[in-house]
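One-letter residues, chain by chain:
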Amino acid sequence: MRGKERKVIDDARDQPLDKRVRFSVRLLENASTYKDIVVRKKDGFTQILLSTRSTYNNTLNREVMNEVKSALEKAAVDDSKFVLLSAVGSVFCCGLDFDNIVKHLKYNRKRATVKLVDTIKNFVNSFIEFKKPIVVSDNGPAIGLGASILPLCDVVWANEKTWFQNPYTRFGQSPDGCSTNTFPKIMSRAAANEMLINGWKMNAQEACDKGLVSQVFWSETFTQEVMVRIQEITSCNSFVLENSKALVHYNMNIELKQANGRECEVLKKIWASAQGMEYMLKYVQNKIDSF
C-alpha cells in the first residue's frame, strides 16, 4: 500500500502545476463521502447516485437534497463534462420523505415549514442553475419530486419497466420541481393535468411518447445501452457541450426559477395550515408499500 501511494504522489509531482492541481482536486473528491448519495468521479463525467440510508426507496429529506446540491456544486467547477444522475437499487426516487416532513412539522410548524421549503427551493434551483449537461439513467419508478426534476435535466434514459407518477392530490400536496411550468410545455396541458391533478401513473413508453423521457431501453441491456451513449457524450468537447446547453436553455432559467418560487410559496401555505397537516398525517398513516 505504501509503495502504491508513493508512486501516485511521485507521478503527480512530475506533472505541470495546473495538471497537478486538478489531480489533487480529483483525489480529494474521490475521497469525499456522503451519507445518502454516492459520488463517483469517472473519466470525463461525475456520477451521482441516490443511495439513501436514512430514508426509504430513495425519498428526499433535507439531508439528501443538501447532499445532491453539494455534489452538483462541486461538479460545476471540476473537470467533469457532464453529470450522470442515477440510483442504487430498483427505485429511482420516490419524491419527498413525508414521514420525515411530518416529524419536523409537529414541532414549531412555521419555522420547520420555512426550512423545509427553502431546502426544496434550493435543491430545485441547483438543477436549474447547473450549466453542464445532466444525464439521467432512470432504473426504476420516479414519483413526485423524483419525476418533476426530470425535465430540468437534459437527457433522460429509462428502463422499460419503470414508471412515473405525481400523485400530489392524494397526499394533500401541491406540485413541485417546476412541474407546473415544464409538464404542460412538454406533454400538453391536458396530459399535465392528468399527471399533476389526477395522479396518472405513466409507464416508460408513455413517458417517452409524451416527452418526459428521451429514450427507453430493454431491462436486460439497459446498463450496456446507457454506457454506450455515455461514452459518446464523454468523447465530446466540454466547451461545446456547455454552450450547446446554454443555447437550449436561453431565457428558460428565469421562467423556471419563477415557477419554483411560486410552487414553494404554495407549499408553505399548505404545510403551515392545519388542513394541510391533517392530509399529510392521513397519507403517512394509511400509505401502503407498493414496492
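What counts as what
- Residues numbered from 1 in each chain as written.
- Predicted model: local features only at pLDDT ≥ 70, side-chain atom pairs only at ≥ 80, totals over all residues.
- Heavy atoms only, no water.
- Axes fitted to C-alpha atoms, helices over the stretch in contact; angles between N-to-C directions.
- Helix = DSSP H or I, 4+ residues; strand = E, 2+ residues; numbered from the N terminus.
- Parallel < 35°, antiparallel > 145°, perpendicular 65-115°, else oblique.
- Contact = heavy atoms within 4.5 Å.
- Nonpolar A, V, L, I, M, F, W, Y, C, P; charged D, E, K, R; others polar.
- pLDDT = per-residue confidence, 0-100.
- Salt bridge = Lys/Arg side-chain N within 4 Å of Asp/Glu carboxyl O.
- Buried < 20%, exposed > 50% of the residue type's maximum accessible area, 1.4 Å probe, protein only.
- Pairing = 2+ DSSP bridges.

1. A word on the packing of helix H7 (residues 179-187) against helix H12 (residues 252-272)
For the pair H7 and H12, interaxial distance at closest approach is 8 Å and the crossing angle is 125 degrees. Considered as vectors, H7 and H12 are oriented oblique to each other. Together, Ser179, Thr180, Asn181, Thr182 and Lys185 of H7 and Glu255, Leu256, Ala259 and Glu263 of H12 make up the contact between the two elements. For the contact of H7 with H12, a count of residues per class yields 2 nonpolar, 4 polar and 3 charged.

2. Let's talk about the environment of Ile143
Note that Ile143 resides in strand E5 (residues 142-143). Residues Ile143 and Cys94, spaced 49 residues apart in sequence, show a C-alpha to C-alpha distance of 4.6 Å.

3. So, the confidence of the model for the protein
Mean pLDDT for the protein: 86, with 87% of residues reaching 70 or above. For the protein, per-element mean pLDDT is lowest for helix H1 (residues 2-13), which scores 35, and highest for strand E4 (residues 134-138), which scores 98. Taken as a whole, residues 1-31 scores under 50 in pLDDT and shows 15 contacts with residues more than four places along the chain or in a different chain.

4. So, the pattern of salt bridges
Considering all chains together, one arrives at 9 salt bridges under this definition. Between Lys268 and Glu265 there is a salt bridge; the shortest N-O distance is 3.6 Å. Highlighted residues: Lys268 and Glu265, both in helix H12, separated by 3 residues, approximately one helical turn. Since its relative accessible area comes to 41%, Glu265 is described here as partly exposed.

5. Comments concerning the sheet that holds strand E7 (residues 163-165)
With respect to topology, 3 strands assemble into an open sheet ordered E5-E7-E8, the strand pairing being mixed. The sheet is open, and its two borders are formed by E5 and strand E8 (202-203), each paired with just one other strand. Across 2 bridges, the pairing between E5 and E7 is parallel. Counterpart to Ile143 in the pairing with E7 is Gln165.

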